Amino acid sequence: MTDKPFSNRQQLEEIRRLLAGTPVIKAACDLDLLVFLHRHPRTLLTNEQLAAFVGYEMKQVAKAIDAFIDAGFLERTQNPNHAARMYLLVLNGPQGGGLKRFLQLASTRQGRREILELLGPGRPQTEPVDISKSKAKRRLHAIA
Amino acid sequence: MAERDLVKTGIAGLDDILSGGIPRGNVILVEGAIGCGKTTMGVEFIYRGASQFDEPGVVVVFEVSPDKLMRDALGFGWDLAELERQERLKIVFTTREVLRQELQQADSVLLEEAAKIGARRIFIDGVARLVGGNGTPESRSAFHVLTEGLQRENLTALLAVEASSLNGHGVASLPEESIADSVIRLKMEDNQRAIFRSLEVVKSRGQDFQMGRHTFRIIDRHGIQVYRRVQAPRKASRDLAAAFDPKTRVPTGTPGLDEMTNGGYFIGSTTVVAGISGVGKSVMGLQYIAEGARRGERSLMLSLDEQVEQIMRNAVTIGIDLEGQMKSGMVRVEYEPPQEIEVDVHFHHIEELVKEFKPKRVLIDSLSTYGSSLGPGGRVFRDFFHALVALMKESKIAAVYNHENPEMLGMNSMMGDFGMSSLVDNIVLMNWVELGDAFRLGMTIAKMRANPVDRITRECEIMNGKGMRVLPRALPVPRLPFSSYRGLVSRSPERSRRTVEEVAPDGSSE
């Protein structure tokens, strides 16, 4: 299948602008985690489970979570005695408007593709884990 | 005695069946097959609590993503996102493994989150596999741990559990049923080629409830509506409200008929007008309704046979401005197609209509259509008719039921296959009488409770633009009057008197 051109230049510019305003989105893992959290704004999961749902290595996901928390749009509640953490995506902060639009664009296949392509230069692109082989996939089977 | 602390579900019709609600702190198991409405019921339980009863709630989901849950809830008009913003609701996505661990610990993060908004209710969607679901002692024990965790927080919990064996008529009890305080079973039931939803409260600790399978529907922009089983016993107090007025009469609107009925029907009475198709039952019914409107009495017509527009047209042909009477608010005509009637739903509509419109007269056209839809010999039809009669009596309505008796010339029984004449106060028989080359119309008051009637068969006629009237007994026509015959209500009338020439050589009847 050949690569499709960007749907239109305006959208491309918009994505570029939104990415510039959202420096924590640096890689595919960040994008997919954000989309997952948007669909599940309040989750109670272990890090392993979250990684399995998103489909990346736990280390990458943990790093993305920390970045989101630092950026102020993710809250984490945890009890040291429990493996699970409660995550709450907060989109009403200063970055909220941009993130909502960003998520809207990422919700389509074409939009996601364009974002991923733009995440390349200057932002180290992390390839999604081959979930069929990953520990995360095995873990997902175990908990399902 | 202290008043019981009942949690209202807020689900239309369900609290009535539960005698007001569910005891606070109960663990309610809602079981049923895929697609029978468990999730909708659970979400509505939480939504109503948060939006109507100031009882914040938590929804826990495992497979459904919260954004889809919110989208689907919006279809019912439930804005869950807004409730979340107002901190009256939290939707938590988790796994069964985490939830099981959470509820086993006193310092659960989930229950902490629930406490932050003062949650009083919780809905967990899909607990079967949470506890194993195979009925082993371990799974029972896991479920027990779960319920203990919820009770520790005094949450009234609704737990949805999938039970595929509950499709159709299969009944297989789940091990969780014995531990749960209340069990509500949802089913999809076959009826010919239709599928109806039913709800049964199997048990509910600490309260009385209406047993049996009730109908329910899932309605767009509304949610769940439960319709009480029409056969369910009524409160005795309702029967005491029935009319007891031996004087007031409800005039029939058919000239000549009031004389035959000593001035009309009693308030709260049940009248069946029986006769084959085409004898004029509906005409007489329309006159009954129009007479009510003329006297300033609200009148309701329920039709299963003809649509409203057609009924209005029919009325015009006998000189009745039904449309005008409807516009004035004195008359209401309701049509419901008879195919696949859900009897509980239908009865609920009638109850609501009666409650809202408060008619003094009701015409039901026709009883036989109910019979063909529900099966005349079955218990369902009989119980439905019982409930209808009781409702009309309680509401002090003089109700007339048209009934098509299939016999063309005469009658062998008053109500054909409908062996319910004991329920009926008045029976008006209408039948064709073949005299010479003409069908003529005869009417007999066969039964009238608390009313002596002569049981004489009179001739009637329907005149274009005027409607029906009962003719004088002695007809000033050169034909033999009905009184010259016997056996008019049988299949073969016989002349019992002399010929026309012998009676009146000059052409008069007497």
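Here, every reference points to the structure presented above.
The text that follows walks through the structure, step by step, so that each part is easy to find. Small disclaimer: the values here were computed from a predicted structure and weren't measured. (Residues numbered from 1 in each chain as written. Chains lettered and ligands numbered in written order. Predicted model: local features only at pLDDT ≥ 70, side-chain atom pairs only at ≥ 80, totals over all residues. Heavy atoms only, no water.)

1. Topic: the overall build of chain A
And step 1. A tally of helices and strands in chain A yields seven helices and three strands.
And step 2. Its helices and strands taken in sequence order, chain A reads α-α-β-α-α-β-β-α-α-α from the N to the C terminus.
And step 3. Here the contacts in chain A between residues at least 6 apart in sequence split such that 68% fall between residues at least 24 apart.
And step 4. Accessible surface computed for chain A: about 7,700 Å², of which carbon and sulfur atoms make up 52%. (Helix = DSSP H or I, 4+ residues; strand = E, 2+ residues; numbered from the N terminus. Contact = heavy atoms within 4.5 Å. Areas by Shrake-Rupley, 256 points an atom, 1.4 Å probe, with all protein chains shown as cover.)

2. With respect to the environment of Leu31 of chain A
All names here are of chain A.
And step 1. Turning to its location among the elements, Leu31 is positioned in helix H2 (residues 28-39).
And step 2. A relative accessible area of 0% places Leu31 in the buried class.
And step 3. In this structure, the C-alpha to C-alpha distance between Leu31 and Phe102, residues 71 residues apart in sequence, is 9.6 Å.
And step 4. Those residues in contact with Leu31 that lie beyond four places of it in its chain are Ile25, Phe102, Ala106, Arg112, Ile115 and Leu116. (Buried < 20%, exposed > 50% of the residue type's maximum accessible area, 1.4 Å probe, protein only.)

3. Quick notes on the interface of chain B and chain A
And step 1. Taken residue by residue, the interface counts 21 residues in chain B and 19 residues in chain A.
And step 2. Between chain B and chain A lies a buried interface of about 1,800 Å² when both sides are counted; carbon and sulfur atoms form 57% of it.
And step 3. Inspection of the region where chain B meets chain A yields three salt bridges.
And step 4. The salt bridge partner of Arg42 of chain A is Glu84 of chain B, with a shortest N-O separation of 3.8 Å.
And step 5. Counting every contact that joins chain B to chain A gives eleven residue pairs in polar contact (both at pLDDT 80 or more).
And step 6. Counting residues per element, the side of chain B that touches chain A draws most heavily on strand S5 (residues 89-94) of chain B, at five residues.
And step 7. Among the residues forming the side of chain B that touches chain A, the class breakdown is seven nonpolar, five polar and nine charged.
And step 8. With two bridges connecting them, strand S1 (residues 42-45) of chain A and S5 of chain B associate as parallel partners. If you follow Leu44 of chain A over to S5 of chain B, its bridge partner there is Thr94 of chain B. (Buried area = accessible area lost by both parts, 1.4 Å probe. Salt bridge = Lys/Arg side-chain N within 4 Å of Asp/Glu carboxyl O. Polar contact = N/O pair within 3.5 Å; in protein donor to acceptor, adjacent residues only side chain to side chain. Nonpolar A, V, L, I, M, F, W, Y, C, P; charged D, E, K, R; others polar. Pairing = 2+ DSSP bridges.)

4. Let's talk about the sheet that holds strand S3 (residues 85-89) of chain A
And step 1. Here twelve strands make up an open sheet; going across it, the order is S2(A)-S3(A)-S1(A)-S5(B)-S4(B)-S6(B)-S7(B)-S3(B)-S8(B)-S9(B)-S10(B)-S11(B) and the pairing mixed. Strands with a single pairing partner mark the edges of an open sheet, and in this sheet they are strand S2 (74-78) of chain A together with strand S11 (223-227) of chain B. Going from strand to strand, the sheet's axes swing by 25 degrees on average, the running direction of each strand aside.
And step 2. Two strands pair when backbone bridges link them, and S2 of chain A and S3 of chain A are joined in this way by five bridges, in the antiparallel orientation. The residue of S3 of chain A that forms the bridge with Leu74 of chain A is Leu89 of chain A. (Axes fitted to C-alpha atoms, helices over the stretch in contact; angles between N-to-C directions.)

5. Points about the pairing of S1 of chain A
Residue and element names in this part refer to chain A.
And step 1. Covered by surrounding structure in S1 are Arg42 and Leu44 together with Thr43 and Leu45, the residues of both alternating faces.
And step 2. Sheet topology note: the S1/S3 ladder contains four bridges and is antiparallel. Each bridged residue has a counterpart across the sheet, and for Thr43 the counterpart in S3 is Tyr87.

6. A look at helix H4 (residues 58-71) of chain A
Residues and elements named next belong to chain A.
And step 1. Its 14 residues give H4 an end-to-end C-alpha distance of 20 Å, which sits within 8% of 20 Å, the value for a rise of 1.5 Å per residue.
And step 2. Within H4, burial applies to Gln60, Val61, Ala64, Ile65, Ala67 and Phe68. Looking straight down H4, one finds that the buried residues subtend no more than 165 degrees of arc, so they occupy a single side. Facing away from the buried surface of H4 by more than 90 degrees, the exposed residues are Lys59, Lys63 and Asp70.
And step 3. Buried residues in H4 make contact with H2, helix H3 (47-54), S2 and S3.
And step 4. At the exit of H4 stands Gly72, carrying a positive phi of roughly 90 degrees. (Expected span 1.5 Å × (residues − 1). Arc of directions from axis to C-beta.)

7. Comments concerning the sheet that holds strand S18 (residues 398-404) of chain B
Residues and elements named next belong to chain B.
And step 1. If you trace the nine strands from one edge of the open sheet to the other, you get S16-S15-S17-S18-S14-S19-S20-S21-S22, paired in mixed fashion. Where the open sheet ends on each side, the last strands, each with one partner, are strand S16 (331-335) and strand S22 (467-470). Going across the sheet, the axis of each strand differs from the next one's by a mean of 20 degrees, ignoring polarity.
And step 2. Sitting on the sheet, helix H10 (residues 281-294) touches strand S14 (270-275), strand S15 (299-303), S16, strand S17 (361-365), S18, strand S19 (426-435), strand S20 (438-448), strand S21 (458-463) and S22, and the angle it makes with S17 is about 160 degrees.
And step 3. Lying on the sheet, helix H15 (residues 379-394) is in contact with S14, S17 and S18; it crosses S18 at an angle near 150 degrees.

8. As for the layout of surface pockets
And step 1. Taken as a whole, the largest pocket encloses approximately 820 Å³ of empty space.
And step 2. For the lining of the largest pocket, the secondary structure elements donating two or more residues are H2, S2 and S3 of chain A together with helix H3 (66-74), helix H4 (80-85), S5 and helix H6 (109-116) of chain B.
And step 3. Tallied by class, the residues present in the lining of the largest pocket amount to eleven nonpolar, three polar and ten charged. (1 Å grid on protein atoms, 1.4 Å probe; cavity = no way out; pocket = protein on both sides within 12 Å on 5 of 7 lines; lining within 4 Å. Points joined across faces, edges and corners; volume = space filled by probe spheres on them.)

9. What to know about the side chain of Thr271 of chain B
And step 1. Counting through the fold element by element, Thr271 of chain B comes out in strand S14.
And step 2. Thr271 of chain B has contacts with Tyr265, Ala399, Val400, Tyr401, Val424, Asn426 and Val428 of chain B, leaving out every residue within four places of it along the chain.

10. Focus: the packing of aromatic side chains
Between two aromatic rings, the relevant description is the distance of the centres plus the angle of the planes.
And step 1. Under the counting rule described, the total for this entry stands at twelve aromatic pairs over all chains.
And step 2. Seen in terms of ring centroids, Tyr47 of chain B and Trp78 of chain B are 5.6 Å apart; in terms of plane orientation they differ by 20 degrees. Their pairing is stacked. Here Tyr47 of chain B, found in helix H2 (residues 38-52), pairs with Trp78 of chain B, found in the loop between H3 and H4; they are 31 residues apart in sequence, far enough to count as distant. Exposure class is identical for Tyr47 of chain B and Trp78 of chain B. Each is buried.
And step 3. The structure contains a cluster of three or more aromatic residues connected by ring pairs, namely Phe36 and Phe53 of chain A together with Phe93 of chain B.
And step 4. Lying over the aromatic face of Phe45 of chain B, Arg121 of chain B brings its terminal NZ or CZ to 4.6 Å of the ring centre. (Phe/Tyr/Trp six-rings, centres within 6.5 Å; stacked < 30°, edge-to-face > 60°. Lys NZ or Arg CZ within 6 Å of the ring centre and 35° of its normal.)

In short, geometric facts, not functional conclusions.
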